[in-house]
Amino acid sequence: MMQLVLASSSPRRRELLAQVGFGDPEFGFEVLAADIDESHRAGETAEDFVVRLAIEKASAGLALWGKSDAVVLGSDTIVVLDGEILGKPKDELDAKQMLSALSGQCHSVMTAVAVTDGKQTLSRLVETKVQFCGLTEEDILAYIATGEPMDKAGAYGIQGLGGCFVESIDGSYSAVVGLPLVETRNLLDKIKVAAI
Ligand SMILES: Cc1cn([C@H]2C[C@H](O)[C@@H](COP(=O)(O)OP(=O)(O)OP(=O)(O)O)O2)c(=O)[nH]c1=O
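Predicted model, so just to flag it, every value in this text is computed and none were measured.

(A) Just the layout of surface pockets, in detail. If you add up the space inside the largest pocket, you get close to 660 Å³. Along the walls of the largest pocket sit 35 residues, with Arg13, Lys57, Asp76, Thr77 and Lys88 positioned nearest its centre. Looking at the lining of the largest pocket, the elements that each hand over two or more residues are α1 (11-22), α3 (46-65), β3 (70-81) and α6 (173-177). Looking at the lining of the largest pocket, the element that brings in the most residues is β3, giving five residues. Here the lining of the largest pocket is composed, by residue class, of 16 nonpolar, 10 polar and nine charged. Looking at the lining of the second largest pocket element by element, the count peaks at four residues for helix α4 (residues 92-102). Residues of the lining of the second largest pocket, tallied by class, amount to four nonpolar, two polar and four charged.

Here's what the structure looks like:
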């Protein structure tokens, strides 16, 4: 059987991949952090951007893993509001600007997942619409003070305190958190890593 490797430093992705059926993260799959340049290229659509990053993370992970007989999985999540891409906030001011822009609005969360074994690379893009309630400046400052927004696209976590800002979603909850479960399972099936 092929060794499954998660190329991610995100604890959420580790937990979600365990949910796909690989048992204990310690034994079912290996994890390594694949650092890549996450800059957006001029003229690149949000869809192309997020898929490219997922593929680059998987490919960088495969290169780092360095052995054959592995399937490496990479993923990327961005928030898109009125055509503008929001990644992880640079600092608290950036987080404040993002949350103010998201307040009372509907945005898209795009998550791409990619798997590669060096011979073939497969990817999927999942888009979820998220409606935020209106936020006061007080709400935003109190939320930033918790530290939760700082490592998350769009400066919020639906799975945490940020869930209180989400009125509704249309799409995949797991994709918003960082890894779409249905599509990930299908991709792994396709590339032939049997779930335990
Ligand atoms: C919108 C949203 C994003 N996120 C997270 C998912 C991603 O981990 C993060 C977006 O940054 P990414 O660059 O996709 O991932 P990462 O840097 O955390 O991890 P990796 O090593 O795999 O590159 O935002 C949430 O946890 N909850 C949410 O509600």
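There's plenty left to go through after this.
(B) View of the site of the ligand. Contacts to the ligand come from 19 residues, most closely from Ser8, Ser9, Arg13, Lys57 and Lys88. Interatomic distance of 3.0 Å between a backbone N/O atom of Ala153 and an oxygen atom of the ligand. Contacts to the ligand include Val177, whose backbone N or O atom sits 3.4 Å from an oxygen atom. In isolation the ligand offers 600 Å² of accessible surface; the protein chains occlude 95% of this area.

(C) Here's a closer look at the pattern of salt bridges. For the coordinates displayed, the defined rule picks out 10 salt bridges. With a closest N to O distance of 3.7 Å, Glu56 and Arg41 form a salt bridge. Taken as a pair, Glu56 in helix α3 and Arg41 in the loop between β2 (30-32) and α3 lie far apart in primary sequence, 15 residues in all. Taking the relative accessible area as the measure of exposure, Arg41 reaches 47% and is therefore partly exposed.

(D) The nonpolar core, seen in detail. Leu17, Phe132, Tyr156 and Leu188 are the most contacted members of the largest nonpolar core, which totals 42 residues. The element that contributes the greatest number of residues to this core is α1, accounting for five residues. Ranked by size, the runner-up nonpolar core spans 12 residues in total, among them Phe49, Leu53, Ala58 and Val80.

(E) Quick peek at the UniProt feature "active site" (unreviewed entry) in the protein. Mapped onto this structure's residue numbering, the UniProt feature "active site" (unreviewed entry) falls at Asp76. Once residues within four sequence positions are removed from consideration, Asp76 is found in contact with Arg13, Glu38, Val50, Leu53, Ala54, Lys57, Met110, Thr111 and Ala112. In this structure the side chain of Asp76 is engaged in a polar contact, spanning 2.8 Å, whose partner is the side chain of Lys57.

What counts as what
Residues numbered from 1 in each chain as written. Predicted model: local features only at pLDDT ≥ 70, side-chain atom pairs only at ≥ 80, totals over all residues. Heavy atoms only, no water. 1 Å grid on protein atoms, 1.4 Å probe; cavity = no way out; pocket = protein on both sides within 12 Å on 5 of 7 lines; lining within 4 Å. Points joined across faces, edges and corners; volume = space filled by probe spheres on them. Helix = DSSP H or I, 4+ residues; strand = E, 2+ residues; numbered from the N terminus. Nonpolar A, V, L, I, M, F, W, Y, C, P; charged D, E, K, R; others polar. Near = heavy atom within 4 Å. Polar contact = N/O pair within 3.5 Å; in protein donor to acceptor, adjacent residues only side chain to side chain. Areas by Shrake-Rupley, 256 points an atom, 1.4 Å probe, with all protein chains shown as cover. Salt bridge = Lys/Arg side-chain N within 4 Å of Asp/Glu carboxyl O. Buried < 20%, exposed > 50% of the residue type's maximum accessible area, 1.4 Å probe, protein only. Core = buried A, V, L, I, M, F, W, Y, C linked by side-chain atoms within 4.5 Å. UniProt positions renumbered as here; feature names shortened; annotations may be inferred. Contact = heavy atoms within 4.5 Å.

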